[in-house]
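Here is what each chain is made of, one letter per residue.
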Amino acid sequence: MRELTYVARRTVEWREAPDPVLQSDSDAIVEPVAAAPCDVDSAILAGHGPIPPPFAIGHECVARVVDAGESSRFSPGDLVVVPWAISCGTCDRCAGGLTTHCTSVPHMAMFGAPIGGSWGGLFSDLVRIPWADAMLVPLPGGLDPVAMASASDNWPLAWRLVAPHLRARPGARVLVIARGSIGLYVCDIARALGASDVLYVDPDPAHRAIAEGYGARTAAEIEPVHHGFDLAVESTGRVPELVTALRSLAPEGFCESAGNHFRPGELPLLEMYLTGVTLRVARDNVRAHLPQALEFAASGQVDPGRVVSGVFDWEQLPEVLPERHLKPVFVRADQPVGR
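Predicted model, so just to flag it, every value in this text is computed and none were measured. The residue count restarts for each chain, going from 1 along the sequence in the order it is written. With the structure being a predicted model, the display of local features is reserved for residues of pLDDT at least 70 and the display and counting of side-chain atom pairs for 80 or more, all residues being used for whole-chain, interface and lining totals. Excluded from the side-chain calculations are hydrogens and water; all other atoms, namely the structure's heavy atoms, are used.

Trainee: Explain the sheet that holds strand 10 (residues 197-201) to me, using residue names and the numbers behind them.
Mentor: Read across the sheet, six strands follow the order 11-10-9-12-13-14 without closing on themselves; strand pairing throughout is parallel. Of all strands in the sheet, those with a lone pairing partner are strand 11 (217-219) and strand 14 (278-281), marking the two edges. Adjacent strand axes in the sheet meet at a mean angle of 15° when their direction is disregarded. By definition, two strands form a pair when at least two bridges between them are found by DSSP. Secondary structure is summarised from DSSP: a helix means a run of H or I of at least four residues, a strand means a run of E of at least two, and numbering begins at the N terminus for each. Here strand 9 (residues 173-178) runs beside strand 12 (residues 229-235); their pairing, made up of five bridges, is parallel. Note on strand 12: the bridge partner recorded for Val-174 is Leu-231. We call two residues in contact when some of their heavy atoms are within 4.5 Å. Where helices are involved, their axes are fitted lines through C-alpha atoms of the stretch in contact, as for all axes, and angles between N-to-C directions lie from 0 to 180°. Contacting strand 9, strand 12, strand 13 (249-257) and strand 14, helix 7 (residues 239-247) runs over the sheet at an angle of about 150° to strand 13.

Written out as structure tokens, the structure is:
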């Protein structure tokens, strides 16, 4: 089989690798049918990632099961979402919903980067999934695999960044400072869940147009809005933007940072203390809330497909992926992805 390999800045190539095989009765082998780059892949492809190449890239896809162990509930042909982090489903942390911190694998084990072992990437012809029953989530009927290609990471992350907060604080005012797909998904979800105000900040006019289509106000940039928002979501990976988000919170407000901050910076800790804000910077435990996020996507209240910036053939991955796109989705010509 082939796996798409990140080899240098803005350069990926197909490399041959052995076909994966079942290693236990709980494994499955899947074939990605609709795959997309995560927002952080853009930083990796630009040469800003913390891990030197080469390595198999990709950790967002909807896949079709091609083989499954005898103890698995999955069968060949099933369409499934593959969470980005490796988790067993039974250790104390997985049982507590901390699936990104599974103790059955090395710390930070994931697809798409050689962290916590080498698990391959989801831009590969075939992928072995350990603990398939714990990891894989069936794609609900009626959901388009292309629209949900980011269900491995960015879509359920966006749901977690905003949905629990709006359920606890109906009508909250939401600030979104973003550069990629995560912030746009947040706008869609926030509107659907009744946010009283959503301001989306992004210098890219095409991104702002999508946010406006979701009912958000938009701006290319802002100064801090004193006590302006109950919830702020930052997904830029830039510390100055995170500071703006923090300085815009109302008393006891909450800031969710989904940016991968590869560079250090200084936070306004005294102001945060005086305002009483909470900041969470965390990798997401996607598997724990993926079923809820997919159920919400299937409700018809949201339209994640608007974020898809283009649909490309699987064979175009080496040429198209390094280009600057918002959310390209790559599909196999021999695998129909319609439901």
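Trainee: Before we move on, could you go through the domain arrangement of the protein chain and cite the residues and values that matter?
Mentor: Looking at the assigned domains, one finds that the protein chain contains domain 1 (2-153 + 298-331) and domain 2 (154-281). Residue ranges for the domains trace back to a domain assignment, done automatically or taken from a database. With centres defined by C-alpha atoms, the gap from domain 1 to domain 2 works out at 26 Å. Across the boundary between the two partners, domain 1 contributes 22 residues, which contact 20 residues of domain 2. In this description, buried area is defined as the sum, over both parts, of the accessible area (probe of 1.4 Å) that is lost when the two are combined. Surface buried jointly by domain 1 and domain 2 totals about 1700 Å² across both partners, of which 60% is contributed by carbon and sulfur atoms. For the domain 1 face of the interface with domain 2, the top three residues by lost area are Asp-39, Arg-306 and Leu-326, together amounting to 29%. For salt bridges, the criterion is a side-chain nitrogen of Lys or Arg within 4 Å of an Asp or Glu carboxyl oxygen. Along the contact surface separating domain 1 from domain 2 lie zero salt bridges.

Trainee: Can you break down the pairing of strand 10 residue by residue, with the values?
Mentor: Between buried and exposed lies partly exposed: a residue is buried under 20% and exposed over 50% of the maximum accessible area for its type, with that area taken using a 1.4 Å probe on protein chains only. Most of strand 10 is tucked away: five of the five residues are buried. Pairing geometry for strand 9 and strand 10, over five bridges, is parallel. Counterpart to Val-176 in the pairing with strand 10 is Tyr-200. On the question of chirality, the crossover connecting strand 9 to the parallel strand 10 by way of helix 5 (residues 181-192) is right-handed. By the bridge criterion, three bridges tie strand 10 to strand 11 in an arrangement that is parallel. Counterpart to Val-201 in the pairing with strand 11 is Ala-219. Handedness of the strand 10-helix 6 (residues 205-213)-strand 11 crossover: right-handed. When the strands point away from the viewer, a crossover counts as right-handed if the route from the first strand across the helix to the second turns clockwise.

Trainee: Got a sec to walk through the side chain of Glu-3? Specific residues and values, please.
Mentor: One can find Glu-3 in strand 1 (residues 2-8). For the buried residue Glu-3, which engages in no salt bridge, the nearest side chain bearing the opposite charge is Arg-15, 7.7 Å off. Look past the residues within four positions of Glu-3 in its chain and what remains in contact with it is Glu-13, Trp-14, Arg-15, Ala-17, Ala-56, Phe-123 and Ser-124. Residues scored as positive are Lys and Arg, those scored as negative are Asp and Glu, and His as well as the terminal groups of each chain are ignored.

Trainee: Give a description of the environment of Leu-126 that names residues and reports values.
Mentor: With respect to the helices and strands, the residue Leu-126 is situated in the loop between helix 2 (92-95) and strand 7 (127-129). Separated by 186 residues in the primary sequence, Leu-126 and Phe-312 place their C-alpha atoms 18 Å from one another. What Leu-126 contacts, discounting residues up to four positions off in sequence, is Met-1, Asp-19, Pro-20, Ile-29, Val-30, Glu-31 and Val-66.

Trainee: Any details on the packing of aromatic side chains? Residues and values, ideally.
Mentor: Only centres within 6.5 Å qualify two rings of Phe, Tyr or Trp (six-membered ring in Trp) as a pair; their planes then separate them into stacked at under 30 degrees, edge-to-face at over 60, and tilted for everything else. Considering all chains together, one arrives at six aromatic pairs under this definition. Note on Trp-14 and Trp-314: the rings are 6.4 Å apart at their centroids and 35° apart in plane angle, and the pair reads as tilted. With Trp-14 in strand 2 (residues 11-16) and Trp-314 in the loop between strand 15 (310-313) and helix 10 (317-320), this residue pair connects regions lying 300 residues apart in the sequence. An aromatic cluster is present here, built from Trp-14, Phe-123, Phe-312, Trp-314 and Phe-330 joined pairwise through their rings.

Trainee: Would you mind going over the UniProt feature "domain: Alcohol dehydrogenase-like N-terminal" (unreviewed entry) in the protein chain in detail, with residue names and values included?
Mentor: When the UniProt feature table is mapped onto this chain numbering, "domain: Alcohol dehydrogenase-like N-terminal" (unreviewed entry) sits at residues 25-138. Secondary structure content for residues 25-138 is 13% helix and 23% strand, and the end C-alpha separation is 19 Å. UniProt positions are given in the numbering used here, feature names are shortened, and annotations may be inferred rather than shown by experiment.

Trainee: I'd love a proper account of the nonpolar core, names of residues and values included.
Mentor: Side-chain atoms within 4.5 Å link the members of a nonpolar core, which is a set of buried Ala, Val, Leu, Ile, Met, Phe, Trp, Tyr and Cys residues. Membership of the largest hydrophobic core comes to 91 residues, with the highest contact counts inside it found for Val-30, Val-82, Phe-111, Phe-123, Leu-136, Trp-155 and Leu-321. Ranked by the residues each element gives to this core, the list is headed by helix 4 (residues 154-168), at eight residues. Both domains that furnish three or more residues to this core are identified here as domain 1 (2-153 + 298-331) and domain 2 (154-281). Within the second largest apolar cluster, 14 residues are counted, among which are Ile-177, Leu-246, Leu-249 and Cys-255.

Trainee: So what's going on with the sheet that holds strand 4 (residues 55-56)? Which residues, and what values?
Mentor: As summarised here, the arrangement of the three strands in space is 2-1-4, forming an open sheet in which the pairing is antiparallel. Each of the sheet's edge strands pairs with one partner strand only, and the pair in question is strand 2 and strand 4. Across six bridges, the pairing between strand 1 and strand 2 is antiparallel. Considered in strand 2, the bridge of Thr-5 is made with Glu-13.

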